[in-house]
Amino acid sequence: MPFTRVFPPAAAAEVIMADVSERSLQVAIVVSFAAGFVAGWQANRMRRKFLDWRKKRLQAKLAETQKKLDLS
């Protein structure tokens, strides 16, 4: 039996939208944007920290390897 999607009538959609005030919709959009902005900002900070850590680790490994090559 194939899956069939049932859409509400257009009048029902208008009633659902009428229950949400313009102000609460604006607040929801602003809060959603702010949450996404903060999450992206924090993700970028974590990424930069990781890249800095990796750079320092690889530089230390390179210095150690060069020291070993100089001694041999």
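Report on the accompanying structure. (Residues numbered from 1 in each chain as written. Predicted model: local features only at pLDDT ≥ 70, side-chain atom pairs only at ≥ 80, totals over all residues. Heavy atoms only, no water.)

1. Remarks on the overall build of the protein chain
A tally of helices and strands in the protein chain yields two helices and zero strands. By the burial criterion, 0% of the 72 residues in the protein chain qualify as buried. When the accessible surface of the protein chain is summed, it comes to about 7200 Å², and 66% of that surface belongs to carbon and sulfur atoms. (Helix = DSSP H or I, 4+ residues; strand = E, 2+ residues; numbered from the N terminus. Buried < 20%, exposed > 50% of the residue type's maximum accessible area, 1.4 Å probe, protein only. Areas by Shrake-Rupley, 256 points an atom, 1.4 Å probe, with all protein chains shown as cover.)

2. Description of the packing of aromatic side chains
The geometry of an aromatic ring pair comes down to the distance between the two centres and the angle between the two planes. Under the defined criterion, the tally for this structure stands at two aromatic pairs. A centroid spacing of 6.4 Å and a plane angle of 25° characterise the contact between Phe 33 and Phe 37, whose relative ring orientation is stacked. Taken as a pair, Phe 33 and Phe 37 lie in helix H2 (residues 22-71) at a separation of four residues, close to a single helical turn. Side by side, Phe 33 and Phe 37 carry an identical accessibility label, which is exposed. (Phe/Tyr/Trp six-rings, centres within 6.5 Å; stacked < 30°, edge-to-face > 60°.)

3. Description of the pattern of salt bridges
Summed over all chains, the structure comprises one salt bridge. Here Glu 64 and Lys 68 are joined by a salt bridge, their closest N and O atoms 3.8 Å apart. Of this pair, Glu 64 and Lys 68 both sit in helix H2, four residues apart, which is roughly one turn of that helix. A relative accessible area of 47% places Glu 64 in the partly exposed class. Residue Lys 68 is classed as exposed on the basis of its relative accessible area of 54%. (Salt bridge = Lys/Arg side-chain N within 4 Å of Asp/Glu carboxyl O.)

4. Side note on a nonpolar patch on the surface
On the surface, Phe 33, Phe 37, Val 38 and Trp 41 cluster together to form a nonpolar patch covering roughly 490 Å² of accessible area. By relative accessible area, Trp 41 is classed as partly exposed at 49%. (Patch = residues over 30% accessible without salt bridge, like charges linked within 9 Å, V, L, I, M, F, W, Y side chains within 5 Å.)

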